[in-house]
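Observations on the three-dimensional arrangement
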Amino acid sequence: MDLRIFTEPQQGADYDTLLRVARATEDLGFDAFFRSDHYLRMGSGDGLPGPTDAWITLAGLARETSRIRLGTLMTAATFRLPGVLAIQVAQVDRMSGGRVELGLGAGWFEEEHTAYGIPFPKEKFGRLEEQLAIVTGLWGTEAGKTFSYEGEHYRLADSPALPKPAQRKVPVLIGGHGATRTPRLAARYADEFNIPFASVEDTERQFGRVRAAAEEAGRPAGDLVYSNALVVCVGRDDAEVARRAAAIGRDVDELKANGLAGSPAEVVEKLGRYAAVGSGRVYLQVLDLDDLDHLELISAQVAPQLG
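Our subject in this report is the structure included herewith. These numbers were taken from a predicted model, which means no experiment stands behind them.

1. Some remarks on the overall build of the protein
Tallying secondary structure elements over the protein gives 11 helices and 12 strands in all. Relative to a compact globule of 307 residues, whose C-alpha radius of gyration would be 19 Å, the protein shows 19 Å and is just as compact. Taken over the C-alpha atoms alone, the protein extends approximately 60 × 45 × 35 Å along its principal axes. In the protein, which comprises 307 residues, the proportion classed as buried is 55%. Considering only residue pairs separated by 6 or more positions, the protein has 73% of its internal contacts joining residues 24 or more positions apart. Working note: accessible area of the protein is about 13,500 Å², and carbon and sulfur atoms make up 50% of it. Charge-centre separation for the protein: the mean point of 34 positive side chains lies 5 Å from the mean point of 44 negative side chains.

2. A word on the nonpolar core
Taken as a class, soluble globular proteins show a tendency for nonpolar side chains to be buried jointly. L3, W55, W139, L284 and V302 are the most contacted members of the largest nonpolar core, which totals 77 residues. The element contributing the most residues to this core is helix α5 (residues 125–140), with eight residues. Setting aside anything within four residues of it in sequence, one finds L284 in contact with L3, R4, I5, F6, F30, L230, V232, L260 and I298.

3. Focus on the environment of G97
As for its position among the elements, G97 is in the loop between α3 (82–96) and β5 (100–105). Given a relative accessible area of 62%, G97 falls into the exposed group. Each C-alpha atom of the pair G97 and L138 lies 19 Å from the other, and the pair is 41 residues apart in sequence.

4. Side note on the pairing of strand β8 (residues 172–175)
Sheet analysis places β5 next to β8, joined by two bridges and oriented parallel. Bridge assignment links G103 to a residue of β8, and that residue is L173. One ladder, built from three bridges, connects β8 with strand β9 (residues 192–196); its direction is parallel. Across the sheet, residue L173 finds its bridge partner in β9, namely E192. Regarding topology, helix α6 (residues 181–189) serves as the crossover connection from β8 to the parallel β9, and that connection is right-handed.

5. A few points about the environment of E130
Within the secondary structure, E130 sits in helix α5. The buried category is assigned to E130, whose relative accessible area is 9%. C-alpha of E130 to C-alpha of G249: the two residues are 119 residues apart in sequence and 39 Å apart in space. Apart from the residues lying within four places of it in its own chain, the contact partners of E130 are Y149, G151, E152, H153 and Y154.

6. Overview of unusual backbone geometry
The phi angle of most residues is negative, glycine excepted, and most peptide bonds adopt the trans form. Here L48 and P49 are connected by a cis peptide whose omega angle stands at 10°. In this structure, the amide linkage connecting L162 to the following residue, P163, adopts the cis form with an omega of 0°. With respect to the secondary-structure elements, P163 resides in the loop between β7 (155–159) and β8. Positive phi, close to 55°, is recorded for A161, a residue that is not glycine.

7. Quick look at the pairing of strand β12 (residues 281–286)
Where burial is concerned, most of β12 is hidden: six out of the six residues are buried. Where burial is concerned, the two faces of β12 agree: the one with R281, Y283 and Q285 and the one with V282, L284 and V286 are both buried. Pairing between strand β1 (residues 2–7) and β12: six bridges, direction parallel. Bridge pairing links I5 to L284 in β12. Sheet analysis places strand β10 (residues 225–234) next to β12, joined by five bridges and oriented parallel. Residue pairing in the sheet places A229 in a bridge with Y283 of β12.

8. Side note on helix α10 (residues 264–276)
Compared with an ideal rise of 1.5 Å per residue, which puts 13 residues at 18 Å, α10 spans 18 Å between its outermost C-alpha atoms and is within 8% of the ideal. Burial in α10 covers these residues: P264, V267, V268, K270, L271 and Y274. Projected down its long axis, α10 carries its buried residues within an arc of 165°, all on one side. Pointing more than 90 degrees away from the buried face of α10 are the exposed residues A265 and A276. At the C-terminal side of α10, G278 shows a positive phi close to 115°.

9. So, the packing of α5 against α6
Two elements in contact, α5 and α6, have axes whose closest approach is 11 Å; the angle formed by their N-to-C orientations is 5°. Accordingly, the angle class assigned to the pair α5 and α6 is roughly parallel. For the pair α5 and α6, contact is made by F125, G126, L128, E129, L132, A133 and T136 and by R181, T182, L185, R188 and Y189, respectively. Classifying every residue of the contact of α5 with α6 by side-chain character gives six nonpolar, three polar and three charged.

Calculation criteria
- Residues numbered from 1 in each chain as written.
- Predicted model: local features only at pLDDT ≥ 70, side-chain atom pairs only at ≥ 80, totals over all residues.
- Heavy atoms only, no water.
- Helix = DSSP H or I, 4+ residues; strand = E, 2+ residues; numbered from the N terminus.
- Rg over C-alpha atoms; globule rule 2.2 N^0.38 Å.
- Buried < 20%, exposed > 50% of the residue type's maximum accessible area, 1.4 Å probe, protein only.
- Contact = heavy atoms within 4.5 Å.
- Areas by Shrake-Rupley, 256 points an atom, 1.4 Å probe, with all protein chains shown as cover.
- Lys, Arg positive; Asp, Glu negative; His and termini not counted.
- Charge placed at Lys NZ, Arg CZ, Asp CG, Glu CD.
- Core = buried A, V, L, I, M, F, W, Y, C linked by side-chain atoms within 4.5 Å.
- Pairing = 2+ DSSP bridges.
- Right-handed = clockwise from strand over helix to strand, strands pointing away.
- Expected span 1.5 Å × (residues − 1).
- Arc of directions from axis to C-beta.
- Axes fitted to C-alpha atoms, helices over the stretch in contact; angles between N-to-C directions.
- Parallel < 35°, antiparallel > 145°, perpendicular 65-115°, else oblique.
- Nonpolar A, V, L, I, M, F, W, Y, C, P; charged D, E, K, R; others polar.

Below you can see the structure in the form of structure tokens.
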């Protein structure tokens, strides 16, 4: 099972903090560093020093790391026009030497749109579907040819479809809990399907829907990577678990019920339950970005037991 580090910088983190975490991610052997794409903190706290932009952050990290994959869970389709997004991601991919992955979602947090003057359309899923068609279409257009698209929300005419990413194909992640439209969209466009903050039982149910949608679309279900995103809080003993839970304002029992919390052995056991229902990759949501010892513990005592 791959372990990836997933951060939520809108809660309060500058670029230097994210760089320290990304370098630790690389040095400690984790597979990837991912971040959210939000402009406003959620819940309590002041969010200082303020938001950082996801793709500007990843551009910087592309030049300051050398091995780890870099990406978003999830880029908000409401934030960027699809042609511009295709250029941004392709450029960062070239800056990284081909290590970028694009998680793309519809966008859901209305308050951050209001706070920064970003339109928040009522119909978002249709826009997401068109964005996926355009971004992948631009990247997939043969060099020297042009790309055009006529949709309800976006229109492109005779685009040179440049620049191209460094990778032959940038992996696209689609995720969520939707029972019908989301699995169909994943079956058509995704290289990876991710379900965030879900129980083992809900994970199994949603993975089954995606597999069925893929087969219905004439695609082998095994073509996709299936993954989870889960909050993590690991400690060598109960006191350390409690300290880390308190630092992120969470209750230990709640974390154990809804995330990956407890001793390394407890976390390995729970990861095994997710693996048993088909999860091959987990994004560890790390909320205290100053606690690099937490990453060291997971690297030393959790990752080696996962095979």
